[in-house]
Amino acid sequence: RQKQRGTQQYELLANRIRNAVETARDITARREREREREATIQFLRDLYRVTTDPEQSFEQKVERLLQIGCETLHLSEGYLTRIDSPAESPGQRTQTVVDVSETSELSESGDDYELSKTYCRMTVESDGLLSISETVQEGWEGDPAQEEFDFGSYIGGKVVIDGDLYGTLYFGSQTARTEPFSDTERMFVRTMSKWLSYELERDQMTEELRRQNGRLEEFASVVSHDLRNPLNVIKGRLELAREDRDSDHLREASQALERSQELIEDLLALARKRN
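Cut-offs used in this document
- Residues numbered from 1 in each chain as written.
- Predicted model: local features only at pLDDT ≥ 70, side-chain atom pairs only at ≥ 80, totals over all residues.
- Heavy atoms only, no water.
- Helix = DSSP H or I, 4+ residues; strand = E, 2+ residues; numbered from the N terminus.
- Buried < 20%, exposed > 50% of the residue type's maximum accessible area, 1.4 Å probe, protein only.
- Contact = heavy atoms within 4.5 Å.
- Areas by Shrake-Rupley, 256 points an atom, 1.4 Å probe, with all protein chains shown as cover.
- 1 Å grid on protein atoms, 1.4 Å probe; cavity = no way out; pocket = protein on both sides within 12 Å on 5 of 7 lines; lining within 4 Å.
- Points joined across faces, edges and corners; volume = space filled by probe spheres on them.
- Nonpolar A, V, L, I, M, F, W, Y, C, P; charged D, E, K, R; others polar.
- Expected span 1.5 Å × (residues − 1).
- Pairing = 2+ DSSP bridges.
- Phe/Tyr/Trp six-rings, centres within 6.5 Å; stacked < 30°, edge-to-face > 60°.
- Axes fitted to C-alpha atoms, helices over the stretch in contact; angles between N-to-C directions.
- Polar contact = N/O pair within 3.5 Å; in protein donor to acceptor, adjacent residues only side chain to side chain.

Asks: Would you mind showing me how to read the overall build of the chain here?
Replies: Helix and strand content of the chain: 6 helices and 6 strands. In sequence order, the chain lays out its α and β elements as α-α-β-β-β-α-β-α-β-β-α-α. Here the chain, with 275 residues, has 36% of them falling under the buried criterion. Excluding contacts between residues fewer than 6 apart, the proportion of contacts in the chain whose partners are at least 24 apart in sequence is 58%. If you sum the accessible surface of the chain, you get close to 17800 Å²; carbon and sulfur atoms cover 48% of it.

Next comes the structure, spelled out in structure tokens:
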């Protein structure tokens, strides 16, 4: 009976320990979810504040977002890059650093790299996002990218303009992470990549519209010049004809001439207004 009582007490103690452990795990999980929720809210607030600031240029917004990304992800390096295929080497793609975060030390704006020697080559081939919490543990040791940058952790997303690859947005650190990138952190990078894609596409469309308007104004100027010369000749001839003889036909022709000249001026004004 004493042995049975001891067994019951042991089981009761074991149950209490299990319950305490489960309770602690639940509390830890709730706290983690709360931290992620707060981090998401703060990130979205920062993103909204920066992207909607009318006093900041696009370049200033990019610099600030790169720094927000570094702070949110706890990584030191943040970059926006452009990927091109040089005309002299169409089979080789080059990655050019467009902008960097304040804390970045490994690269500067304007630096060029062979895409084949960067982590971003895998980002480009992925579904839009690549995250590596421990590069060595995940098989990157000896890779050209590891030799070039020696990142311990990396996360990057594709930047796409009108369906075509522009480049990448990525963050990294020479220190490995103890935990994988969370879904929330991956969402951060996806969101910033989408915003950059949208803004770059809008800038590209605006520049194309500006070029089209410039061509329209040039065309209107040429057309109006070519039309004015014969119309001026006609006007002079009409004035001479009306000195010799006035008639309704000449007056109507003069009115039509004036209307043609007004249309030319309207065409020029419209072209300049669109530009």
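So, next bit.
Asks: It is not clear to me how empty space enclosed by the protein should be interpreted in this structure. Could you clarify?
Replies: Left-over empty space is what a probe sized like a water molecule reveals as it rolls over the atoms. For the structure on display, the rule yields 1 cavity of 30 Å³ or more. For the largest cavity, the full set of lining residues is Val62, Leu65, Leu66, Leu169, Met192 and Leu196. For the lining of the largest cavity, the secondary-structure elements that each account for two or more residues are α2 (58-73) and α5 (183-244). For the lining of the largest cavity, the leading source of residues is α2, giving 3 residues. The class makeup of the residues in the lining of the largest cavity is 6 nonpolar, no polar and no charged.

Asks: Would you mind going over α2 with me for this structure?
Replies: The α-helix winds at 3.6 residues per turn, so residues separated by three or four positions along the chain end up facing the same way. With 16 residues, α2 should reach 22 Å at 1.5 Å per residue; the first-to-last C-alpha distance of 22 Å fits that figure. Along α2, the positions that sit buried rather than exposed are Phe58, Lys61, Val62, Leu65, Leu66, Gln67, Ile68, Gly69, Cys70, Thr72 and Leu73. Looking one or two residues past α2, His74 carries a phi angle of roughly 60°, positive in sign.

Asks: Help me understand unusual backbone geometry, please; the structure alone is not making it clear to me.
Replies: Most peptide bonds take the trans configuration, and most residues that are not glycine carry a negative phi. The phi angle at His74 is positive, at roughly 60°, despite the residue not being glycine. You will see that Asp162, though not glycine, has its phi angle at about 50°, which is positive. Note on placement: Asp162 falls in the loop between β5 (153-161) and β6 (164-173).

Asks: Is there a simple way to think about the pairing of strand β1 (residues 77-84) in this case?
Replies: Strand residues, when the strand is regular, have side chains that alternate between the two faces of the sheet. Here β1 lies mainly inside the structure; 6 of its 8 residues are buried. Pairing analysis gives 6 bridges linking β1 to β6, with the strands arranged antiparallel. Paired with Tyr79 across the bridge in β6 is Tyr170. Bridge count for β1 against strand β2 (residues 94-100) is 6 bridges, and the pairing is antiparallel. Considered in β2, the bridge of Ile83 is made with Gln95.

Asks: It is not clear to me how the layout of surface pockets should be interpreted in this structure. Could you clarify?
Replies: The volume enclosed by the second largest pocket comes to roughly 160 Å³. For the second largest pocket, the full set of lining residues is Asp127, Gly128, Gly157, Lys158, Val160, Arg190, Ser193, Lys194 and Ser197. Those elements giving two or more residues to the lining of the second largest pocket turn out to be β5 and α5. Among the elements that line the lining of the second largest pocket, the one with the most residues is α5, at 4 residues.

Asks: Sorry if this is basic, but what is going on with the packing of aromatic side chains here?
Replies: Two aromatic rings, taken as a pair, are described by how far apart their centres are and by the angle between their planes. Considering all chains together, one arrives at 10 aromatic pairs under this definition. Aromatic pair Tyr119 and Phe149: ring centres 6.2 Å apart, planes at 45°, arrangement tilted. Taken together, the positions of Tyr119 in the loop between β3 (112-114) and α3 (120-125) and Phe149 in helix α4 (residues 144-149) put the pair 30 residues apart, joining distant regions of the chain. Summarising the aromatic geometry, the rings of Phe149 and Phe151 are spaced 5.9 Å apart at their centres and angled 35° between planes, so their arrangement reads as tilted.

Asks: What's the story with the sheet that holds β3 in this structure? I'm lost.
Replies: As a general point, the strands of a sheet are linked pairwise by backbone hydrogen bonds and lie either parallel or antiparallel. Strands sit in the order β3-β2-β1-β6-β5-β4 across an open sheet of 6 strands; the sheet is antiparallel. Here the strands that pair on one side only, and so sit at the sheet edges, are β3 and β4 (129-132). Taken over all neighbouring pairs, the strand axes of this sheet differ in orientation by 25° on average, direction set aside.

Asks: Sorry if this is basic, but what is going on with the side chain of Thr81 here?
Replies: For Thr81, the location among the structural elements is in strand β1. Within the structure, Thr81 has its side chain in polar contact with the side chain of Gln95 (distance 3.0 Å). Separated by 2.7 Å, the side chains of Thr81 and Thr168 make a polar contact. In contact with Thr81, other than residues within four places in its own chain, are Gln95, Thr96, Val97, Val98, Tyr166, Gly167, Thr168 and Tyr170.

Any link to function would need more than the numbers given here.
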